Amino acid sequence: MRFLKKHGRQILVYSIYIISLTVFQFALSGWLVPISYMPDLVLILVVVCGSFFGSDDGMIIGILAGFLRDMMVGRVLGLGMLLFMFAGLTASIFLKNSIRRNPLLTIIQVAAVSLIYEIVIVILTFLFPMLPDQVYSFDMLINLRYSDALRKILVNVVAAVPIMFLLHYAGPYRRGQQRTGMEDEGEGGHAWHKI
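Nothing here was measured: the structure is a model prediction, and the numbers come from that model.

Caption draft 1: How the structure looks around the side chain of glutamine 25. Mapped onto the fold, glutamine 25 is located in helix α1 (residues 2-28). What makes glutamine 25 buried here is its relative accessible area of 8%. Separated by 3.4 Å, the side chain of glutamine 25 and the backbone nitrogen of valine 42 make a polar contact. Ignoring any residue separated from it by four or fewer positions in sequence, one finds glutamine 25 in contact with Met38, Pro39, Asp40, Leu41, Val42 and Arg69.

Right under this line is the structure:
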């Protein structure tokens, strides 16, 4: 009961965001919005959570969002969880020495993590093809992804702005007491900041 009282808001808010963004992305992708112009909303959510609220939130939200993506896409269970967990951790570590987390740094993080994600997908598709009898050359995969990668990164950066506003104004923590991601419980308590 004490756990729900302490973390109830985070569980509720994150559940709503993960489920609604995943359903929204898969419902509109290819039907209303062309796939190459559809941002990866769940990846953006994970990166913004890691950037705004730290490594714990980035990692946990990454694992949960990756699990939901693995279930919806039908891939090997665990690959999306691993990639999204690393995306959340990368966002919490990348540029963490800045005194104050600001939206510009978060947008840079979204672009960087989106690029890394695209590169990792190419490598994994080359090493572990979805269909065993369908082998792709590395050059072909790079050419296929390169044409869409820059557009995808730009679309992700544009879509990050409303997600940052959502998490800032209707986020899992009360405004004025949002976690920085530099959880240093062993070094003298939590660090807090304002966005």
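Caption draft 2: Summary view of the nonpolar core. One finds Leu45, Val48, Phe84, Ile163 and Leu167 to be the most contacted residues of the largest nonpolar core, which totals 35 residues. Of all the secondary-structure elements, those providing two or more residues to this core are α1, α2 (41-53), α3 (55-73), α4 (79-93), α5 (103-127) and α6 (138-169). Residue contributions to this core peak at 11 residues, all from α2. In this structure, phenylalanine 84 is in contact with Asp40, Val42, Leu43, Val46, Gly58, Gly62, Ala65, Gly66, Arg69 and Tyr117, ignoring residues within four places of it in sequence.

Caption draft 3: Representation of a nonpolar patch on the surface. A surface patch of nonpolar side chains, about 580 Å² in accessible area, is lined by Leu115, Ile119, Ile123, Phe126, Leu127 and Phe128. In this structure, leucine 127 sits in helix α5.

Caption draft 4: View of the confidence of the model for the chain. Residue-level pLDDT values for the chain average 79, and 80% of them are 70 or greater. Ranking the elements of the chain by mean pLDDT puts strand β2 (residues 192-193) last, at 37, and α2 first, at 92.

Caption draft 5: Representation of α3. Taking 1.5 Å per residue as the helical rise, α3 with its 19 residues ought to reach 27 Å, and the 26 Å between its terminal C-alpha atoms agrees with that figure. Turning to α3, its buried residues number three or more, namely Asp57, Gly58, Ile61, Gly62, Ala65, Gly66, Arg69 and Asp70.

Rules of the game
Residues numbered from 1 in each chain as written. Predicted model: local features only at pLDDT ≥ 70, side-chain atom pairs only at ≥ 80, totals over all residues. Heavy atoms only, no water. Helix = DSSP H or I, 4+ residues; strand = E, 2+ residues; numbered from the N terminus. Buried < 20%, exposed > 50% of the residue type's maximum accessible area, 1.4 Å probe, protein only. Polar contact = N/O pair within 3.5 Å; in protein donor to acceptor, adjacent residues only side chain to side chain. Contact = heavy atoms within 4.5 Å. Core = buried A, V, L, I, M, F, W, Y, C linked by side-chain atoms within 4.5 Å. Patch = residues over 30% accessible without salt bridge, like charges linked within 9 Å, V, L, I, M, F, W, Y side chains within 5 Å. Areas by Shrake-Rupley, 256 points an atom, 1.4 Å probe, with all protein chains shown as cover. Salt bridge = Lys/Arg side-chain N within 4 Å of Asp/Glu carboxyl O. pLDDT = per-residue confidence, 0-100. Expected span 1.5 Å × (residues − 1).

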